[in-house]
Amino acid sequence: MTVLRKNLIDGEWLGEAGSRNINPSNTNDVVGEYASAGPEEAKQAIAAAKAAFPAWSRSGPLARHAVLKKTSDEIMARKDEIGRSLAREEGKTLAEGVGETIRAAQLFDFFAGETLRLSGEMVPSVRPGVGVEMTREGVGVVGIITPWNFPIAIPAWKIAPALAYGNTIVFKPAELVPESAWTIVDILHRAGLPKGVLNLVMGKGSVVGQAMLDSPDVNAISFTGSVGTGKRVAAASVEHMRKFQLEMGGKNPLVVLDDADLGTAVDCAVNGAYFSTGQRCTASSRLIVTEAIHDRFVDAIKERLDKLVIGDALDAKTQIGPVVDQTQLKQDEDYIAVGRQEGAELAFGGDRLERETPGFYLQPALFVGSTNAMRISREEIFGPVANVIRVNDYDEALAVANDTPFGLTSGICTTSLKHATHFKRNSEAGMVMVNLPTAGVDFHVPFGGRKGSSYGPREQGRYAMEFYTTVKTAYTFAG
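Each value, and the rule that gives it
Residues numbered from 1 in each chain as written. Predicted model: local features only at pLDDT ≥ 70, side-chain atom pairs only at ≥ 80, totals over all residues. Heavy atoms only, no water. Helix = DSSP H or I, 4+ residues; strand = E, 2+ residues; numbered from the N terminus. Buried < 20%, exposed > 50% of the residue type's maximum accessible area, 1.4 Å probe, protein only. Polar contact = N/O pair within 3.5 Å; in protein donor to acceptor, adjacent residues only side chain to side chain. Pairing = 2+ DSSP bridges. Axes fitted to C-alpha atoms, helices over the stretch in contact; angles between N-to-C directions. Contact = heavy atoms within 4.5 Å.

Enquirer: Got a minute to help me understand the side chain of E179 in this structure?
Expert: Here E179 is to be found in helix α6 (residues 178-190). Accessibility expressed as a relative area gives 8% for E179, which makes it buried. Side-chain polar atoms of E179 contact the side chain of R5, separated by 2.9 Å.

Set out below in structure tokens:
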């Protein structure tokens, strides 16, 4: 019997079935049925969050700590179950699903601690007898809109700080991955959140998301998704003078210099470009390789790709799962066709694969002979597709790496301290990796990029405070 998951509005589970969640590893497998909110439900959720804000924003740190810590503990205790469910609905491997679930637990644990570390400043005024206090307060109702590629970690790194700093929430997850979103909300609800503090509104972005953008009662929006939708969020937010935070696309470079350790470089490239089926905004989709190591690097990558196990996400032997759905699969195949039309050589993969169960399986694709002017080098594909760009030396590699409208993350493989140090300072990205994959970041430090990748304060770590709080300066004359 298929389970119906409902929306949470003002502390009540409401709604009727509106969509089915399909397993991309086996399209015959229905994960569940999920309520689909309309504009009225979205308005009710916003009203509930607005009504709950005064009490929650003035609640003590121990109350917030208890909820976040209970949530962290339950997620960690259920990591295998939740991780398996995540892999089933999104298609990343079982190991990746469990790893992402652990990451969510760590995020809630970190921000549980932050509730006990809230602080301000007190300074003397330039006027005698006057004291000055600077404190931080929650901004109000926060709209949270999340993508499908990290269905529990990204909601966690937005919801946890929003609650820790005293905000109330209207949460709209991606339609493709409602189970992970529902699970995290259910855990928070049972952990003791007062009604209206967290509201879940599953449904279409054009309906639920638009209602959030149109509402003057939403004081801030944190969005992760496409560049086009991010621009719409920005325009609508300016209209209402609300805070907004955007995490959007990436076309991340991994530079491989002649002096790099070949094994390290191949590990970084394969992990960064192809793990999680390449469906990461931090993926290494441009492999920029200098002349002397180029041919050996390409041969080693092809050999490694040929050994990867592509299959059902729930199979423990699988290293690369399916693409998330038919639409994304078509986009990947269209870009592979574009790369060939532009004159790049498809050196490996790019074919649809058949497995025991019907699913969206795609062999990882590697292009060589590409230039940085090609569409496959300029536009985010968001699949297991990478292209190698041959360059002469470090200076050309750095210039090519920075020649992109995006700036989320970048990486370099080298044994030269000189080049590593120069690259860290001169790479036009928000996050820089040396001898590490471009994908893979810690939960307690800032996440975010530059240029067309990100806008607004950073996510994660203590830097999250910048978005989820507003500063108040209070003066007192003692008389």
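Next comes the rest of the description.
Enquirer: I would appreciate a short explanation of the sheet that holds strand β16 (residues 365-368) in the present structure.
Expert: Across a sheet, strands are paired by hydrogen bonds formed along the backbone, either parallel or antiparallel in direction. Pairing within the open sheet is mixed, and its 7 strands lie in the order β15-β16-β17-β14-β13-β19-β20. In this open sheet, the two edge strands, each paired with only one partner strand, are β15 (345-348) and β20 (431-434). In this sheet, adjacent strand axes meet at a mean angle of 25° when their direction is disregarded. In this sheet, strand β17 (residues 385-391) lies alongside β16 in parallel orientation, the contact comprising 3 bridges. The partner of L366 across the bridge, within β17, is A386. Against the sheet, helix α10 (residues 291-307) touches β13 (253-256), β14 (286-290), β15, β16 and β17, its axis set at about 140° to β14.

Enquirer: What exactly am I supposed to notice about helix α7 (residues 205-214) here?
Expert: Structurally, the α-helix is built with 3.6 residues per turn, so residues lying three or four positions apart point the same way. Looking at α7, one finds that the buried residues are V208, G209, A211, M212 and L213. Buried residues in α7 make contact with α1 (39-57), β8 (141-145), β9 (168-172), β11 (220-224) and α8 (227-240).

Enquirer: What's the story with unusual backbone geometry in this structure? I'm lost.
Expert: A negative phi angle characterises most non-glycine residues, just as the trans form characterises most peptide bonds. With a phi close to 55°, T277 is a non-glycine residue in the positive phi region. Locating T277 in the fold gives a position in the loop between α9 (262-274) and β14. Take T277: its relative accessible area is 2%, and that puts it in the buried class.

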